[in-house]
Amino acid sequence: MADLRTICVVDVARYGESLMAAGADILVDRIDPDRAVAIIQGVTRGQLRFALDTVGRDTAGKLQEALSRTGNKSHLVGLGGLPKAKAENVLHHQVPLKAFHDVPKIGESLMTWLEKLLLAKRLITPQVEHTIGGLNGINRALDRLRKGTITGKRLVVPLQNHTMLRQVI
Amino acid sequence: MEVLTDEESRQLMESMTNPFTRLAHNEKETAGLLNSSQQVLLIHRPGEEYKLTQNQGIPEQKAEHEILVKVIAVGLNPVDWKGPDYNFGLPALPWINGRDLAGVVVKAHKNLRRIRVGDVVLSPSTDYRDIRKAAFQEYVVSTEHNSARVPADFDVLSSAAVGVAFVTAAMALGICCGLNFAVAKEPRGAPDLFRLAREVDPQAFAADIRDEVLDGVKESERPKPGDWIAIWGGEISPSEPCYG
């Protein structure tokens, strides 16, 4: 990732293989969060300055503990929430998604890059499961997400016309 | 011997060189894909199920850069159930949700440079305040700058699960952390979002994100080769090229 070294906290038994294949440098199992923080601090020699949490406030708080408190500012990005208290020298970030749709220059740069990545097959895209019933099946599909029974893949809802559409030409 | 017209030979040449999926060549061909009404999924109250509703209007384009997309597939995100359950992301009621979609462009202004009628696109719908752009309906308004064409060798249905995760990851790293993607050698042409954002009129950014975009990370603090980043979770949305 642009010469960054990545240390990923995940369910290693389940996702370790695919994340290693994807190029993660270090994997840490998520089962013991305090131990995960200790491992991150040890491996990075206390020099971690960037952290991204995709889960929620509690795990973002754990990442905050692992960030460096000295020198340059450290940066914590939370996709699912951020800890209430800011640690010294740590800046909190939420993704300013509005810039994607409000500012054409930003959106266009991301979409043309995405096209290039897909063409060059440089993007690891998620596994998907197709649901049935089109729009009408979305309630049931969302129930499965709600119950947490879907892991490691995304649900995609083909609308009922999709086969017809694909035969137009 | 059958001779191709100029238009037919142009289309043939294009189909041989265009690496993206196209389902039609022009508006005449997409006319058959247009209806006078559509069905949508409406949420009437937080905590309730979505209700399939017939005979709704087709969303209208209001600007040259807006396109009309006939939805082929919708990608589901956790926010699609969390929003209704915890009562957020609902600017009015009833409302339409849905943030990820792939579809075929059925209307587009001729002046657009990249997207044309007939293109199959994936369109991350981050603008949840604009009901025309929500994915849980048969026709969606998107914009050229929020749509990516789907390569011919990439599964269209799978492309519906790519957009929001990609945009979120790219902006988290490129804007919040200041990571420069432009140093990547393959493919060339990746953006340096940090630099790009500073070339834009600051007023273009909404007041509540301006500081994050323009002052979140300082030039001197941007990641350098060999720096570490720790990532917690994200097993199902590694659609960022970060590991590429």
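Keep in mind that this is a model prediction, so the values were computed, not measured.

> Give a description of the domain arrangement of chain B that names residues and reports values.
Residues and elements named next belong to chain B. Taken domain by domain, chain B comprises domain 1 (19–155) and domain 2 (162–219). Using only C-alpha atoms to locate each centre, domain 1 and domain 2 end up separated by 25 Å. Contacts between the two partners involve seven residues from domain 1 and, on the opposite side, four residues from domain 2. A per-class count over the side of domain 1 that touches domain 2 returns two nonpolar, three polar and two charged.

> So what's going on with helix α3 (residues 79–86) of chain B? Which residues, and what values?
Along α3 of chain B, the residues that are buried comprise D80, W81 and P84 of chain B. The arc that holds every buried residue of α3 of chain B, seen down its axis, measures 90°, which confines them to one face. The elements touched by buried residues of α3 of chain B are α6 (138–146) of chain A. Among the residues trailing α3 of chain B, N87 of chain B stands out with phi positive, at a value near 60°.

> Break down the environment of G75 of chain B for me, with residues and values.
Position of G75 of chain B among the secondary structure elements: in strand β3 (residues 66–75). Placed 86 residues apart in sequence, G75 of chain B and A161 of chain B show a C-alpha to C-alpha distance of 4.7 Å. If near-sequence neighbours (up to four positions away) are discounted, G75 of chain B is found in contact with R154 and V156 of chain A together with D100, L101, A160 and A161 of chain B.

> Lay out the interface of chain A and chain B with the relevant residues and their values.
On the chain B side, the residues contacting the 89 residues of chain A number 87 residues. For the side of chain A that touches chain B, the element with the highest residue contribution is helix α5 (residues 104–119) of chain A, accounting for 15 residues. Residues of the side of chain A that touches chain B, tallied by class, amount to 53 nonpolar, 19 polar and 17 charged. Sheet topology places strand β1 (residues 5–10) of chain A next to strand β8 (residues 228–232) of chain B; five bridges connect them, and they run parallel. The partner of V9 of chain A across the bridge, within β8 of chain B, is W232 of chain B.

Analysis parameters
Residues numbered from 1 in each chain as written. Chains lettered and ligands numbered in written order. Predicted model: local features only at pLDDT ≥ 70, side-chain atom pairs only at ≥ 80, totals over all residues. Domains from an automatic or database assignment. Contact = placed C-beta atoms within 7 Å. Nonpolar A, V, L, I, M, F, W, Y, C, P; charged D, E, K, R; others polar. Buried ≥ 20, exposed ≤ 12 C-beta atoms within 10 Å, placed from the backbone. Helix = DSSP H or I, 4+ residues; strand = E, 2+ residues; numbered from the N terminus. Arc of directions from axis to C-beta. Pairing = 2+ DSSP bridges.

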